[in-house]
Amino acid sequence: MKMRSDVKAILSDFWVGIVMRITSFLPEIMYTLQLRGGLIGLVSSGKRPKNLQIAKGTRLHNIRNVKFGNDVFISANCWILASSKVTFDDQVMLGPMCIVVSGNHSLDNGSYRFGKAERAPISIGYGTWIGGHCVITKGVRLGKSSCVAAGAVVGRSFPDDVTIGGVPAKVLRNS
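Residues numbered from 1 in each chain as written. Predicted model: local features only at pLDDT ≥ 70, side-chain atom pairs only at ≥ 80, totals over all residues. Heavy atoms only, no water.

Enquirer: Is there a simple way to explain helix α2 (residues 30-41) in this structure?
Expert: The periodicity of an α-helix, 3.6 residues per turn, causes residues three or four positions apart to be oriented the same way. Helix length check: α2, at 12 residues, gives a terminal C-alpha distance of 16 Å against a target of 16 Å (1.5 Å per residue), a fit within 8%. For α2, every residue scored as buried is listed here: T32, L33, R36, G37, G38, I40 and G41. (Helix = DSSP H or I, 4+ residues; strand = E, 2+ residues; numbered from the N terminus. Expected span 1.5 Å × (residues − 1). Buried < 20%, exposed > 50% of the residue type's maximum accessible area, 1.4 Å probe, protein only.)

If you want it as structure tokens, here you go:
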């Protein structure tokens, strides 16, 4: 049973790679983004999302751990590494070059190289906008209608209706 699951995961990630390569030759217009999203949505977790848009250069690893809501937009060159569950609620937007990673390394015998992997799910709430060049790390839950300022590094959870930013991220304004 485990082997069958592993094969499905490998084939799903292979499918994502094929879709991204083939569609990279198409013009970067709304229809191409929707085509990419529709084809990738076939192998993501949960039900197939409506109007998922994925821009060129995005890397999606462990797609079977990623759940997209409806009307999600992933901008160019984002990197999503889902070693644990990653959930994007409806109407989430990621700016260009964002990194969403649900795992981390730990220190073992003075080195991070072979330390035990630490994993925790990530949840991005309804209507949240994540500006360009942001990093979202393991275990983060962003509430609905939140705004993450460009360049922020988010290593902890935040409630609904806040604007956050900085390194490390902190609340800049309550909406």
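That covers the picture; the talk isn't over yet.
Enquirer: Looking at this structure, I do not really get unusual backbone geometry. What am I missing?
Expert: Note that the residue after V167, namely P168, is joined by a cis bond; omega there is -5 degrees. With respect to the helices and strands, P168 occurs in the loop between β17 (162-165) and β18 (170-174). Unusually for a residue other than glycine, N51 sits at a positive phi of about 55 degrees. Located in the positive-phi region is M97, a residue other than glycine, with phi close to 60 degrees. Locating M97 in the fold gives a position in the loop between β7 (93-94) and β8 (99-101). The partly exposed category is assigned to M97, whose relative accessible area is 39%.

So far we have only geometry, and geometry alone does not tell us how the molecule works.
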